[in-house]
Amino acid sequence: MSVVLPVPVIQALQVVTIIGAAPGVSGLISRVEARLQGRRGPRVLQPYHDLAKLFRKEALAPQGASWVFLAAPAGAFACYLTVPLLIPVLTSYPLPLGYLGDILGGGFILSLASFLVAIAALESGSPYAQLGASRAKTFGAITEPVVLFVVFTVALLTGTDLPYALAATVRASAGQIMRPAHLLAAAALLMVILYETGRIPVETHAAASELGMIEEARPFEHSGPYLALLRWGAAAKQLILYTIFVNVFAAPWGLASSQRAPAVALAAAALLGKAALLGCLVAVIDSSFAKLRLFKITEFAAAAFLLAVLGVLTLYLGGG
Amino acid sequence: MSAGHAPGVYAGGADVIAVLILLAEFGMLRQALARDQVRLYAAQSGLISALAVIVGAVRGLPELYLLAGLSAALKIMVIPLVLRRLLRAGRVGADLAGPDGDIARSGGMSLASTVLVATAVAAAGFFAASHFTVGGAAAPPAALSLSVSVVLVAFILMIHRRDVLSQAIGLFSLENAISLAALVIAASLPLVLEAALLFDLLVAVIVFGLLIRIHHGRAESLSTTDLTSLRG
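No experiment lies behind these values; they were computed from the predicted model shown.

**Some details on the overall build of chain B**
Within chain B, the secondary structure is distributed over seven helices and zero strands. Starting at the N terminus, the α and β elements of chain B follow one another as α-α-α-α-α-α-α. When the 232 residues of chain B are sorted by exposure, 45% land in the buried category. In chain B, of all internal contacts separated by at least 6 residues, the share reaching a separation of at least 24 is 75%.

Encoded structure:
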């Protein structure tokens, strides 16, 4: 007889899995990327050591910055703690808090987090941080319609916009996976994820060139535990987006269908395996494309938009 | 319009190939180099041939294999070869900057707005085709609408680009779109008719080849904007 976990514990485990594994996934991606480029690269666990070091360091704030500057990292991190409650991380059946919000609700919470980081960047008074915040919001405005069209596709496919419902629909039959609308929406979402996590066609991840920076420029003025929270939050956001892509769109298999402890543990392992695979794919994309010029990012967004719109069109008008 | 109901794996797969054909058309619209545009056309033709093989296998129509072979030979090998030789022979495209033929700036609009206009036009194609009631239960539901959209986007390619090569490729890919429509609605169309369509294309290639040579010989340019200087 295996142990049956109570529902609140599973719900909490979803958050713990995401938050705990997020730096590891980031570490894995930079490791794979380094190997692809012929470097040895940092250890997979390096991000954890970085976070531990930053948490021990002293925190400084620019002169004139108000409490918002210091509160924003914690607020953003709280947002990233909330989203894993809403999406299918470990279970194929909806957990009670899963109905707290739909895909749009999760999207709103993620945008709230990025809004808070942008406010903190403005508060810092540093030109680079402000530039990054302003760029992030500008390009965010053109990737938002893509997300909306992806949500429309989901809504047309399932009749709801709950992530659990789409995962169940995709699992239902092979015909669902072959539907062009589903593939197009997934591809568009992947492009948005590349943008949101600051990956190559859009932005060089963890690079030193300020001119091309978008997301990376925002925490320039934060230090110590605050910087650690921002870094950890960025890694958590990345894993949350990967989880949405993998567990809702691309491969919603391997999720626990019962409350038994082994099934849940297996689901956690499966999620990390799938996220690691997606991370390897992202690393390959990172190494095989050049960074787009800043003014070409609209073209990248236009391509993602095209995919999402075609998804809705084939589904709604074409019947595919 | 039954969005919740998934079509079968065959219909879905055929739809996916049709979507890829449409995306290839959009790719041609975005493409900056003449060489890559020819390559994309070959890829699109390859998709058509693959679809012909799949339709032939599923519907049990062996003559489609012959058609797939014929169209692959013609559209993946002969036509791209001819186009590439044309590009090389008269250093055609050299006037458009770069030995590979940089045709990016031959468009009348910026890239992002072209894509948006083409998206709107493709949507119009979907609207138009959603009122057709052809095709049986087994037919891929979206492929016909997609083929109409490919035709319209090919029009946009021909209207928007002012270099002869893009216009030729636009016309050739138009034929691909018509083949797509024919394959999904009337797969058992007699082989002779489809072969005739292919030879029609061959005539178009010869005419366009001549046109490109003559135009380049006279105007020393591939851009059709120079044609205005020929007015009396």
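**Some points on the overall build of chain A**
The helix and strand inventory of chain A stands at 11 helices and zero strands. Overall, chain A shows an N-to-C arrangement of helices and strands of α-α-α-α-α-α-α-α-α-α-α. Here chain A has a C-alpha radius of gyration of 19 Å; the compact-globule value for 320 residues is 20 Å, and the two agree. Counting only C-alpha atoms, chain A reaches 55 × 50 × 40 Å along its principal axes. Here chain A holds 320 residues, and 53% of them are scored as buried.

**What to know about the nonpolar core**
The biggest cluster of nonpolar side chains holds 172 residues, and the ones touching the most others in it are Ala188 and Ala308 of chain A together with Leu22, Val153 and Leu180 of chain B. The element that contributes the greatest number of residues to this core is helix α9 (residues 224-250) of chain A, accounting for 18 residues. Residue contacts for Leu22 of chain B: discarding those within four places in its chain leaves Leu310 of chain A together with Ala122, Leu146, Ser149, Val150 and Val153 of chain B.

**Details of the packing of helix α6 (residues 163-172) of chain A against α9 of chain A**
Residues and elements named next belong to chain A. Close contact between α6 and α9 brings their axes to 7 Å; oriented N to C, the two are set at 45°. When the axes of α6 and α9 are compared, the pair comes out oblique. Contact residues: α6 offers Pro163, Leu166 and Ala167, while α9 offers Ile244, Asn247 and Val248. When the residues that make up the contact of α6 with α9 are grouped by side-chain class, the tally is five nonpolar, one polar and no charged.

**Remarks on the interface of chain A and chain B**
Contacts between the two partners involve 26 residues from chain A and, on the opposite side, 29 residues from chain B. At the level of secondary structure, the elements contributing two or more residues to the side of chain A that touches chain B comprise α5 (127-158), α7 (174-178), α8 (180-196) and α11 (297-316) of chain A. Of all the elements, α11 of chain A adds the most residues to the side of chain A that touches chain B, at 10 residues. Counted by class, the side of chain A that touches chain B contains 15 nonpolar, nine polar and two charged residues.

**Things to note about the packing of helix α2 (residues 34-59) of chain B against helix α6 (residues 164-185) of chain B**
Residues and elements named next belong to chain B. One way to put it is that α2 packs onto α6 with a least axis distance of 10 Å and a crossing angle of 10°. If you check the angle between α2 and α6, you find them roughly parallel. Across from Ala34, Gln37, Tyr41, Gln44, Ser45, Ile48, Leu51, Ala52 and Val55 in α2, the residues of α6 making contact are Leu165, Ser166, Ile169, Phe172, Ser173, Asn176, Ser179, Leu180 and Leu183. Here the residues of the contact of α2 with α6 sort into 11 nonpolar, seven polar and no charged.

**Examining helix α3 (residues 67-82) of chain A**
All names here are of chain A. An ideal rise of 1.5 Å per residue puts 22 Å on 16 residues; α3 measures up with 23 Å between its terminal C-alpha atoms. Of all the bends in α3, the greatest measures close to 25° and is centred on Pro73. For α3, the full list of buried residues reads Phe69, Ala72, Pro73, Ala76, Phe77, Cys79 and Tyr80.

**With respect to the confidence of the model for chain B**
Residues and elements named next belong to chain B. Here chain B shows a mean pLDDT of 80. Residues at 70 or above account for 81%. By mean pLDDT, the top-scoring element of chain B is helix α5 (residues 143-160) (91), and the lowest-scoring one is helix α7 (residues 191-219) (80). Taken together, the chains of this predicted complex give a pTM of 0.88 and an interface ipTM of 0.82.

**What about the confidence of the model for chain A?**
For chain A, per-residue confidence averages 88 on the pLDDT scale, and residues scoring 70 or more make up 98% of the total. Within chain A, the lowest mean pLDDT, 77, falls on α7 of chain A, and the highest, 95, falls on helix α2 (residues 46-56) of chain A.

**A short note on the environment of Val147 of chain A**
Relative to the helices and strands, Val147 of chain A resides in helix α5. If sequence neighbours within four positions are ignored, Val147 of chain A has contacts with Gly107 and Val192 of chain A.

**Considering the environment of Leu122 of chain A**
Residue and element names in this part refer to chain A. Structurally, Leu122 can be placed in helix α4 (residues 103-124). Spatially, the C-alpha atom of Leu122 lies 37 Å from that of Leu36, the residues being 86 residues apart in sequence. Not counting chain neighbours up to four residues away, the residues in contact with Leu122 comprise Gln130 and Ala133.

**Regarding the environment of Ile214 of chain A**
Residue and element names in this part refer to chain A. Relative to the elements of secondary structure, Ile214 occurs in the loop between α8 and α9. C-beta crowding within 10 Å serves as the criterion here: with 23 such atoms nearby, Ile214 is assigned to the buried category. With 57 residues separating them along the chain, Ile214 and Leu157 place their C-alpha atoms 34 Å apart. In this view, Ile214 contacts Gly132, Arg135, Ala136, Phe139, Gly198, Val202 and Glu203; residues no more than four positions away in its chain are not counted.

Parameters at a glance
- Residues numbered from 1 in each chain as written.
- Chains lettered and ligands numbered in written order.
- Predicted model: local features only at pLDDT ≥ 70, side-chain atom pairs only at ≥ 80, totals over all residues.
- Helix = DSSP H or I, 4+ residues; strand = E, 2+ residues; numbered from the N terminus.
- Buried ≥ 20, exposed ≤ 12 C-beta atoms within 10 Å, placed from the backbone.
- Contact = placed C-beta atoms within 7 Å.
- Rg over C-alpha atoms; globule rule 2.2 N^0.38 Å.
- Core = buried A, V, L, I, M, F, W, Y, C linked by C-beta atoms within 7 Å.
- Axes fitted to C-alpha atoms, helices over the stretch in contact; angles between N-to-C directions.
- Parallel < 35°, antiparallel > 145°, perpendicular 65-115°, else oblique.
- Nonpolar A, V, L, I, M, F, W, Y, C, P; charged D, E, K, R; others polar.
- Expected span 1.5 Å × (residues − 1).
- Bend = angle between axes of the 7 residues up to and from the residue.
- pLDDT = per-residue confidence, 0-100.

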